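Here is what each chain is made of, one letter per residue.
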Amino acid sequence: MPMTTVAFIGLGRMGHGMAGRYLDAGFSVAIWNRSKAKAEDLIARGARWAGSPADAADGADAVVTMVADDGASRAVWLGQDGAATKMKPGALAIECSTVSYQHALDLARDLRGRGLIYIDCPVTGLPSAAAAGKLTLLVGADAADLDQAKLYLAPIGDVVRHFGAVGTGTVFKLINNLMGAVQIASLAEGIAMAEQAGLDMNLVAEALATGAVASPQVIRHSKRMVARDFSGASFTAALRHKDADYAVKLAESLLARTPPVGRAAVEAYAHATAKMPDDDEGRMIEIVSRPK
Ligand code: NAP
């Protein structure tokens, strides 16, 4: 008889859609978010609103979290009313938020010490993919633990990449997002230069999106930057900065020299975050496009 009770914590752009997937899949779902307004439609669809992460976790077979950063993750798992205080021994703790490598290791040690199973599971994919159950899941876990978690991963992801032990999913996610930060910051600089030099910007956008530098990030952001169309923000400047910062700190622990390109991307996104923390990361173009 499979376990089917899930607690889902963190109903932001990503978490809201992910929680809905468990309802669609027929799980019994308890939900908690710092601000309750984001939960209303999920409650109407049958989710149980919990008064705290601990209340959500009470009786759950698996707890899945999707919150902003290390501080938020620490609060919802280990705070006074944190999920860990009420989870039953042997339950699964699945952290999907993008957190720092050190936090992932510390959290895993703490939760394992309480007799819980920890799965490191950051994701790639936009909020639309989260709502459709089509995220790519970047897992760090013991193989046997991953087997046990698969029932709870299936509703939210269609690709599972298992990189190794706990923490390795986060290592890959931070590398991936630091490279994304570099590409987007560099794209903004290229577009700003082309604008100031008077090029045909429709042609520039098309050439960038179909040429040798056309990564999915460049394809996604080039036309939006040229058109200054940032409707439907999906990933904020503040979250991109957080990921790049965590990634460079990890790089500093692995490499003899602080990676200069990564550090430049952190600085670029620190600047963007100071000006527009909750805006789309692509609005970086508005910062770099001021003419000389
Ligand atoms: P978001 O829309 O800003 O949502 C952030 C969530 O974290 C909200 O539920 C927020 O609660 C909660 N939160 C923040 N600080 C908290 C605290 N101190 N205590 C408790 N809860 C707190 O962000 P998102 O885009 O869904 O991203 C969530 C995670 O997924 C992040 O780690 C992000 O890096 C990662 N991610 C995002 C994307 C993307 O495309 N957006 C893709 C892959 C991975 P409130 O609602 O009360 O503010």
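Residues numbered from 1 in each chain as written. Predicted model: local features only at pLDDT ≥ 70, side-chain atom pairs only at ≥ 80, totals over all residues. Heavy atoms only, no water.

**Notes on the site of the ligand**
Lining the immediate surroundings of the ligand are 25 residues, of which Asn33, Ser35, Lys38, Ser234 and Lys242 lie closest. Separating an oxygen atom of the ligand from a backbone N or O atom of Gly12 is a distance of 3.3 Å. Contact distances for the ligand include 3.0 Å between an oxygen atom and a backbone N or O atom of Val67. Within the complex, the protein chains bury 87% of what would otherwise be the 900 Å² of accessible surface of the ligand. A molecule is said to occupy a pocket when more than half its atoms come within 2 Å of that pocket's grid points, and by this definition the ligand occupies the largest pocket. Counting residues per element, the ones that place at least two in the shell around the ligand are α1 (13-24), α4 (70-78) and α11 (237-254). Shared between two domains, the shell around the ligand takes at least three residues from each, and those domains are domain 1 (5-166) and domain 2 (171-288). (Near = heavy atom within 4 Å. Polar contact = N/O pair within 3.5 Å; in protein donor to acceptor, adjacent residues only side chain to side chain. Areas by Shrake-Rupley, 256 points an atom, 1.4 Å probe, with all protein chains shown as cover. 1 Å grid on protein atoms, 1.4 Å probe; cavity = no way out; pocket = protein on both sides within 12 Å on 5 of 7 lines; lining within 4 Å. Sits in = over half its atoms within 2 Å of the grid points. Helix = DSSP H or I, 4+ residues; strand = E, 2+ residues; numbered from the N terminus. Domains from an automatic or database assignment.)

**Looking at the pattern of salt bridges**
Pairing between side chains becomes possible if they bear opposite charge and their charged atoms approach one another. Under the criterion given, the structure shown has 14 salt bridges. Close ionic contact of Lys88 with Asp61 constitutes a salt bridge, the shortest N to O distance being 2.8 Å. In this pair, Lys88 sits in the loop between α4 and β5 (92-95) while Asp61 sits in the loop between α3 (53-57) and β4 (62-65), placing the two residues 27 residues apart along the sequence. When its relative accessible area of 35% is taken as the criterion, Lys88 is described as partly exposed. Judged by its relative accessible area of 9%, Asp61 falls in the buried class. A salt bridge links Arg109 to Asp106; the nearest nitrogen and oxygen atoms lie 3.5 Å apart. (Salt bridge = Lys/Arg side-chain N within 4 Å of Asp/Glu carboxyl O. Buried < 20%, exposed > 50% of the residue type's maximum accessible area, 1.4 Å probe, protein only.)

**Focus: the pairing of strand β1 (residues 5-9)**
Taking burial as the measure, the five residues of β1 include four buried ones, the bulk of the element. Where β1 and strand β2 (residues 28-32) come together, five bridges link them in parallel fashion. Bridge assignment links Ala7 to a residue of β2, and that residue is Ala30. A crossover connection joins β1 to the parallel β2 through α1; in handedness this β-α-β unit is right-handed. Bridging between β1 and β4 involves four bridges; their strand directions are parallel. (Pairing = 2+ DSSP bridges. Right-handed = clockwise from strand over helix to strand, strands pointing away.)

**Some words on the domain arrangement of the chain**
Its domain assignment divides the chain into domain 1 (5-166) and domain 2 (171-288). Taken over C-alpha atoms, the centre of domain 1 sits 28 Å from the centre of domain 2. Listed by partner, the interface residues are 15 residues for domain 1 and 15 residues for domain 2. Summed over both sides, the interface between domain 1 and domain 2 buries roughly 1,200 Å², with carbon and sulfur atoms accounting for 70% of that surface. (Contact = heavy atoms within 4.5 Å. Buried area = accessible area lost by both parts, 1.4 Å probe.)

**Describing the nonpolar core**
With 35 residues, the main nonpolar core has Phe8, Met18, Tyr22, Ile31, Ile94, Cys96 and Ile119 as its most contacted residues. With five residues, the single largest contributor to this core is α1. The next biggest cluster of nonpolar side chains, apart from the first, holds 31 residues, and it includes Ile191, Val204, Phe230 and Ala244. (Core = buried A, V, L, I, M, F, W, Y, C linked by side-chain atoms within 4.5 Å.)

**Some thoughts on the state of the cysteines**
Considering all chains together, one arrives at zero disulfides under this definition. Free cysteine Cys96: the closest other cysteine sulfur is in Cys121, separated by 4.1 Å. (Disulfide = S-S within 2.5 Å.)

**What to know about the layout of surface pockets**
Each pocket or cavity is described by its volume, and for the largest pocket that value is around 1,300 Å³. If you go around the largest pocket, you meet 45 residues; those closest to its centre are Met14, Met66, Ser234, Phe235 and Leu239. Among the secondary structure elements, those contributing two or more residues to the lining of the largest pocket are α1, α4, β7 (123-124), α8 (168-196), α10 (216-227) and α11. If you tally residues by element for the lining of the largest pocket, the top one is α8, at six residues. A per-class count over the lining of the largest pocket returns 18 nonpolar, 17 polar and 10 charged. Three or more residues apiece are contributed to the lining of the largest pocket by two domains, here domain 1 (5-166) and domain 2 (171-288). (Points joined across faces, edges and corners; volume = space filled by probe spheres on them. Nonpolar A, V, L, I, M, F, W, Y, C, P; charged D, E, K, R; others polar.)

**Examining the packing of aromatic side chains**
Within the structure shown, the criterion is met by four aromatic pairs. Here Phe8 and Tyr22 contribute two aromatic rings whose centre-to-centre distance is 6.2 Å and whose plane-to-plane angle is 45°, an arrangement assigned as tilted. With Phe8 in strand β1 and Tyr22 in helix α1, the pair connects residues that are 14 residues apart, well separated along the chain. With respect to burial, Phe8 and Tyr22 carry one shared label: buried. Taken together, the ring pairs connect Phe8, Tyr22, Phe27 and Tyr152 into an aromatic cluster. (Phe/Tyr/Trp six-rings, centres within 6.5 Å; stacked < 30°, edge-to-face > 60°.)

**Looking at the side chain of Thr65**
Locating Thr65 in the fold gives a position in strand β4. Reaching out from Thr65, the side chain makes a polar contact with the side chain of Trp77 at a distance of 3.1 Å. At 2.8 Å, the side chain of Thr65 forms a polar contact with the side chain of Glu95. Not counting chain neighbours up to four residues away, the residues in contact with Thr65 comprise Ile9, Val76, Trp77, Ile94, Glu95, Cys96 and Ser97.

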